[in-house]
Amino acid sequence: MALKYPDDLKYLDTHEYIRLEGEIATIGISAFAVDQLGDIVFLELPEVGATLEKGATFGTVESVKAVEDLKAPVTGTVIERNDAIVESPENLAEDPYAEGWLLKVRVDNPREVDDALSVEDYRLMVEGE
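Model, not experiment: these values are computed from the prediction.

Looking now at the overall build of the chain. If you tally the helices and strands in the chain, you get three helices and nine strands. Start at the N end of the chain and walk to the C end: the helices and strands fall as β-β-β-α-β-β-β-β-β-α-β-α. What you see for the chain is a C-alpha radius of gyration of 13 Å, in line with the 14 Å of a compact globule of 129 residues. By principal-axis analysis of the C-alpha atoms, the chain measures approximately 35 × 30 × 20 Å. In the chain, which comprises 129 residues, the share counted as buried stands at 43%. Put simply, of all contacts in the chain between residues at least 6 apart along the chain, 63% involve residues at least 24 apart. By element, 46% of the accessible surface of the chain is carried by carbon and sulfur atoms, the whole surface being about 6800 Å². Taking the average place of the 11 positive charges on the side chains of the chain and the average place of its 29 negative ones, the gap between the two points comes to 4 Å.

Here it is as structure tokens:
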């Protein structure tokens, strides 16, 4: 099965994605990351009101194979957390982009997103691995 990478997202080399709409960023992990992790059994995310620092760890995703840190693509404040995905992390495999988003963050500096990879660059990175 070919993995999908939506064009309206930017990606980190650590496999998080970000969708910026105005000053609100939706953050999640890419289909590639979900595929590599295998069966996801646990997700740890910050509470609403927490502050993310660009490049810093903001949570973990745990599968039967590994535990991976989640890295923040931007600095900002968590305004919404996807509690449904925290309660049923195995659902990330179904659609990491629509129902499987992790956090919504009010971004301090939208220009931070400029550092992220385009869909083309990300696809080259993961398919070239």
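Turning next to the environment of D35. Looking at the element boundaries, D35 is found in helix α1 (residues 31-37). Separated by 40 residues in sequence, D35 and T75 place their C-alpha atoms 27 Å apart.

Before going further, it helps to examine the sheet that holds strand β9 (residues 103-107). On the basis of which strands lie adjacent, the open sheet formed by six strands has the order β1-β2-β3-β9-β8-β5 and antiparallel pairing. In this open sheet, the two edge strands, each paired with only one partner strand, are β1 (10-11) and β5 (51-52). As paired elements, β1 and strand β2 (residues 16-21) share two bridges and run antiparallel to each other. Counted as the bridge partner of K10 is I18 from β2.

Conventions we followed
- Residues numbered from 1 in each chain as written.
- Predicted model: local features only at pLDDT ≥ 70, side-chain atom pairs only at ≥ 80, totals over all residues.
- Heavy atoms only, no water.
- Helix = DSSP H or I, 4+ residues; strand = E, 2+ residues; numbered from the N terminus.
- Rg over C-alpha atoms; globule rule 2.2 N^0.38 Å.
- Buried < 20%, exposed > 50% of the residue type's maximum accessible area, 1.4 Å probe, protein only.
- Contact = heavy atoms within 4.5 Å.
- Areas by Shrake-Rupley, 256 points an atom, 1.4 Å probe, with all protein chains shown as cover.
- Lys, Arg positive; Asp, Glu negative; His and termini not counted.
- Charge placed at Lys NZ, Arg CZ, Asp CG, Glu CD.
- Pairing = 2+ DSSP bridges.

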